[in-house]
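Inside the fold
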Amino acid sequence: MADKPSSGEILGIPYNFERPSLGRLLSSYWQPGKGMLVEKPFGIGYTLNLANWRSWVVLAVAGGLYYQQKQSGAAGDAGDADAEADDGPVEVIVDDD
């Protein structure tokens, strides 16, 4: 039985399951002169090239959206506490006159 290759491409998507080394990990995330996306050092697909300024814009936008979500979630939790206080049991009295 032939050994399966540990790196290559399937349908144009790169994969690499070779044992990662620290040097390969660091050099794969910092590749000056390359585009915004580069092949992952381990796993399937692409990752951001931190030597490209566009990657930093993507990270800043993602961080801003995450921060905005956390802020709106914290404000929404305080509003939900007031609504939960009003959702207590209700006594209904029916007069049969």
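The numbers attached to residues start from 1 for each chain and follow its sequence in the written order. Given that the model is predicted, a residue must reach a pLDDT of at least 70 before its local features are reported, and side-chain atom pairs must reach 80 or more before they are shown or counted; all residues, however, enter totals for whole chains, interfaces and linings. Calculation of side-chain values draws on the structure's entire complement of heavy atoms; hydrogens and water are dropped beforehand.

**Brief notes about the packing of aromatic side chains**
- Put simply, two rings from Phe, Tyr or Trp (the six-membered ring, in Trp's case) pair if the centres are within 6.5 Å, and we call them stacked under 30 degrees between planes, edge-to-face over 60, tilted for the rest. All chains considered together, the criterion is met by two aromatic pairs.
- Seen in terms of ring centroids, Tyr15 and Phe17 are 6.0 Å apart; in terms of plane orientation they differ by 35°. Their pairing is tilted.
- For every residue, the accessible area obtained with a 1.4 Å probe (protein chains only) is divided by the maximum for its type, and the residue is called buried under 20%, exposed over 50%, and partly exposed between those limits. A relative accessible area of 15% means that Tyr15 is categorised as buried.
- Each ring, one from Phe17 and one from Phe42, has its centre 6.0 Å from the other, and the planes form 85°; the classification is edge-to-face. Residue Phe17 is found in the loop between β2 (13-16) and α1 (22-29), and its partner Phe42 is found in the loop between β3 (37-39) and β4 (43-44); the two are separated by 25 residues along the sequence.
- Judged by its relative accessible area of 44%, Phe17 falls in the partly exposed class.
- Residue Phe42 is classed as partly exposed on the basis of its relative accessible area of 40%.
- Here the aromatic cluster, defined as three or more aromatic residues joined through ring pairs, consists of Tyr15, Phe17 and Phe42. Helical segments are the DSSP runs of H or I of at least four residues, strand segments are the runs of E of at least two, and each set is numbered from the N terminus.

Keep in mind these values describe shape, not function.
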